[in-house]
Amino acid sequence: QRLKAAVHYTVGCLCQEVEEDKDVQFSKQTIAAISEITFRQCEIFAKDLEMFARHAKRTTVTTEDVKLLARRSNSLLKYITQKSEELASSNMEQKERKKKKSSAAKGERTPGEQEAAVTENEDSNMA
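Residues numbered from 1 in each chain as written. Predicted model: local features only at pLDDT ≥ 70, side-chain atom pairs only at ≥ 80, totals over all residues. Heavy atoms only, no water.

- Under an unreviewed UniProt entry, the chain has the name Centromere protein S and belongs to Ploceus nigricollis.
- The annotation that UniProt attaches to the chain under Sequence similarities (unreviewed entry) is "Belongs to the TAF9 family. CENP-S/MHF1 subfamily." (UniProt positions renumbered as here; feature names shortened; annotations may be inferred.)

### Some points on helix α1 (residues 2–22)
For step 1, the next point in the chain: Look at α1: 30 Å from first C-alpha to last across 21 residues, which is about the 30 Å you get at 1.5 Å a residue.
For step 2, the next point in the chain: Along α1, the positions that sit buried rather than exposed are Val-7, Val-11, Cys-15 and Glu-19. One side of α1 holds all its buried residues, which, seen down the axis, span an arc of 115°. Facing away from the buried surface of α1 by more than 90 degrees, the exposed residues are Arg-2, Leu-3, Tyr-9, Glu-17, Glu-20 and Asp-21.
For step 3, the next point in the chain: Those residues of α1 hidden inside the fold are in contact with α2 (28–55).
For step 4, the next point in the chain: Looking one or two residues beyond α1, the residue adopting positive phi is Asp-23, at roughly 55°. (Helix = DSSP H or I, 4+ residues; strand = E, 2+ residues; numbered from the N terminus. Expected span 1.5 Å × (residues − 1). Buried < 20%, exposed > 50% of the residue type's maximum accessible area, 1.4 Å probe, protein only. Arc of directions from axis to C-beta. Contact = heavy atoms within 4.5 Å.)

### Regarding the pattern of salt bridges
Between side chains of opposite charge, a pair can form when the charged atoms approach closely.
For step 1, the next point in the chain: Scanning the model with the defined rule gives seven salt bridges in all.
For step 2, the next point in the chain: Of the charged contacts, one joins Arg-58 and Asp-65 as a salt bridge, the two residues approaching to 2.9 Å between their closest N and O atoms.
For step 3, the next point in the chain: Classification of Arg-58 by relative accessible area gives partly exposed; the value is 30%.
For step 4, the next point in the chain: By relative accessible area, which is 4% here, Asp-65 ends up buried.
For step 5, the next point in the chain: Between Lys-83 and Glu-86 there is a salt bridge, and its shortest N-O distance comes to 3.4 Å. Of the two residues, Lys-83 and Glu-86 are both situated in helix α4 (residues 74–106); the distance of three residues between them amounts to about one turn of the helix. (Salt bridge = Lys/Arg side-chain N within 4 Å of Asp/Glu carboxyl O.)

Below, the structure written as structure tokens:
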């Protein structure tokens, strides 16, 4: 029920934005109908995603399953693919930062830091 209410609220907000942008009006019944259709479609999507994962003998839904679900809409598929790549890139950057932090905490240096330290020592030895 809470999820259904959240969908109804979000649809109401979106309809309000469209009303302001396009100078049209939505009746309460229309918003309720759009909300109901949206909720039912999300249920269908959830079942499809579950079936895709199960077919691949997995228990976890992956981005590949979502891409398969969006395959009929080229623009949506392109958007999901782009966001998926951005998230993957962001996750890789975070992993690299964690590695550097843990290396620094252990007193280890990355190759670039080792080179800088050697150069620094050489400079101080020349002085």
